[in-house]
Amino acid sequence: MSESMPGSAPEVFAPHEAPVSPPQASEEVEFVQLLTPEGERVEHPDYSFDLDDEAIKGFYRDMTLVRRIDTEATALQRQGELGLWASLLGQEAAQVGSARSLNSKDMVFPTYREHGVAWCQGVDPLRLLGLFRGVDQGGWDPKDNNFHLYTIVIGAQTLHATGYAMGQQRDHAIGDAENGECTIAYFGDGASSQGDVNEAFIWASVFNAPVVFFCQNNQWAISEPIDRQTRIPLYQRAAGFGFPGIRVDGNDVLATYAVTQQATKRAREGSGPTLVEAYTYRMGAHTTSDDPTKYRLSEDLEHWKLKDPIQRVRAYLTRSAGVDQDFFGEVDAEADKIAAELRAGCLSLPNPELTDFFQHVYVEETPQLAEQREQFAAYAASFEGEG
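Conventions adopted
Residues numbered from 1 in each chain as written. Predicted model: local features only at pLDDT ≥ 70, side-chain atom pairs only at ≥ 80, totals over all residues. Heavy atoms only, no water. Domains from an automatic or database assignment. Salt bridge = Lys/Arg side-chain N within 4 Å of Asp/Glu carboxyl O. Helix = DSSP H or I, 4+ residues; strand = E, 2+ residues; numbered from the N terminus. Buried < 20%, exposed > 50% of the residue type's maximum accessible area, 1.4 Å probe, protein only. Axes fitted to C-alpha atoms, helices over the stretch in contact; angles between N-to-C directions. Parallel < 35°, antiparallel > 145°, perpendicular 65-115°, else oblique. Left-handed = near helix turned anticlockwise from the far one by under 90°. Contact = heavy atoms within 4.5 Å. Nonpolar A, V, L, I, M, F, W, Y, C, P; charged D, E, K, R; others polar. UniProt positions renumbered as here; feature names shortened; annotations may be inferred. Pairing = 2+ DSSP bridges. Right-handed = clockwise from strand over helix to strand, strands pointing away.

Caption draft 1: Summary view of the domain arrangement of the protein chain. When cut into domains, the protein chain gives domain 1 (53-347) and domain 2 (353-387). Each of domain 1 and domain 2 was reduced to a C-alpha centroid, and the two centroids are 37 Å apart.

This is the structure in structure tokens:
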């Protein structure tokens, strides 16, 4: 029986029996799109891409290099050189498009998968590998590239980002859509269920913080599908917190750029937060410790391969922009060179001394910390010559 009898308790559905399911391959999803999977430019009434084909060539280069870095890092992990790796395969357009829309003053708060954003912000990919190799804590200085440290705690960076944006607001760094400052926080569809994310939404809304919440909805929170996270499109949640939300084709680098550009301008001018949902697909595993074949269908993966973010840009450049094969060959050669250098750099990373972590607790070492360091060094030295 599908309806409850008068006076009876409503029927309760277990999660796997829920009557609402995520869009299937055959269903249409409404979003902002400016470049189709076939590489055709299309118009949108509210968003436009106003850069030239040289910029699009730059986007192609970024995405190709980032994918090659990602592929090399995955191979290094499979060969035992990294402890873990979180691949961005399939999400290159969402990351490159959004990151290239930022200005030099905007601050980024990433998760642990924003390798494409890190690339666009100028972070050396070897710094990322140091974290996943376990030889450091990913301790780059966020001020160097306006890119904060990778956040492993799911969703925590949205609170950090909101607080930072409130600081920008109090420093009177907003009020100019082009030359002001804002903050962007990256997170995934699974993180949208975390309390931290929803608390960040409340604070950002109430204080009108200049922050863009950029959700990469790759439709899988490890093995949990999107229908376990929400029964409405994620971007619609923003309305409940009192700020706008927009869904963009996350495999379309032009649309992602245009949508994020408008959201960041809105934040910089003082109009408050925006939630951007980049609708994409995680083509690989959640991390290299995951096996997605155990919980999702191969036909879904094949369907999304036809929407590849890099191939659609290549199709446009070839058919509509007159770009010849020499350009693509040069980019591929550059990608191979970067991958070879990354591999060599990874293998040559020095192992840390056990006492190194004491150096990064305070700017100036306290007497108590010095005493602890000495005690630990003596303890470690007591094992020398054993075994």
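Caption draft 2: The pattern of salt bridges, seen in detail. Counting across every chain of the model gives 19 salt bridges. Here E302 makes a salt bridge to K305, at a shortest N to O gap of 3.1 Å. You can see E302 and its partner K305 sitting in helix 10 (residues 298-305), three residues apart, about one turn around the helix. Of the residues examined, E302 reaches a relative accessible area of 43% and is grouped as partly exposed. Taking the relative accessible area as the measure of exposure, K305 reaches 45% and is therefore partly exposed. Residues joined in a network through salt bridges with shared partners are R61, D62, R100 and E334.

Caption draft 3: Seen up close, the packing of helix 1 (residues 53-78) against helix 2 (residues 92-99). The geometry of helix 1 relative to helix 2 is characterised by a closest axis approach of 10 Å and an angle of 130 degrees between their N-to-C directions. One element, helix 1, and the other, helix 2, form an angle in the oblique class. Between helix 1 and helix 2 lies a crossing of right-handed hand. Of helix 2, the residues touching helix 1 (which contributes F59, D62, M63, V66 and R67) are E92, A93 and V96. Among the residues making up the contact of helix 1 with helix 2, the classes are represented as five nonpolar, no polar and three charged.

Caption draft 4: Fine view of the UniProt feature "domain: Dehydrogenase E1 component" (unreviewed entry) in the protein chain. The feature "domain: Dehydrogenase E1 component" (unreviewed entry), as annotated in UniProt, sits at residues 61-339 in this numbering. The straight-line gap between the two end C-alpha atoms of residues 61-339 is 14 Å; of that span, 46% is helix and 11% is strand.

Caption draft 5: Examining the pairing of strand 6 (residues 245-249) more closely. Of all five residues in strand 6, four are buried, a share of seventy percent or more. Pairing of strand 6 with strand 7 (residues 274-279) involves five bridges; the strand directions are parallel. What sits directly across from G245, in strand 7, is L275. Taken together, strand 6, helix 9 (residues 253-268) and strand 7 form a β-α-β motif whose crossover is right-handed.

Caption draft 6: Here's a closer look at the environment of G90. The residue G90 is located in the loop between helix 1 and helix 2 in this model. For the pair G90 and F201, spaced 111 residues apart in the sequence, the C-alpha separation amounts to 27 Å. When sequence neighbours within four positions are dropped, the list of residues in contact with G90 reads R67, N251, T280, Y281, M283 and P309.

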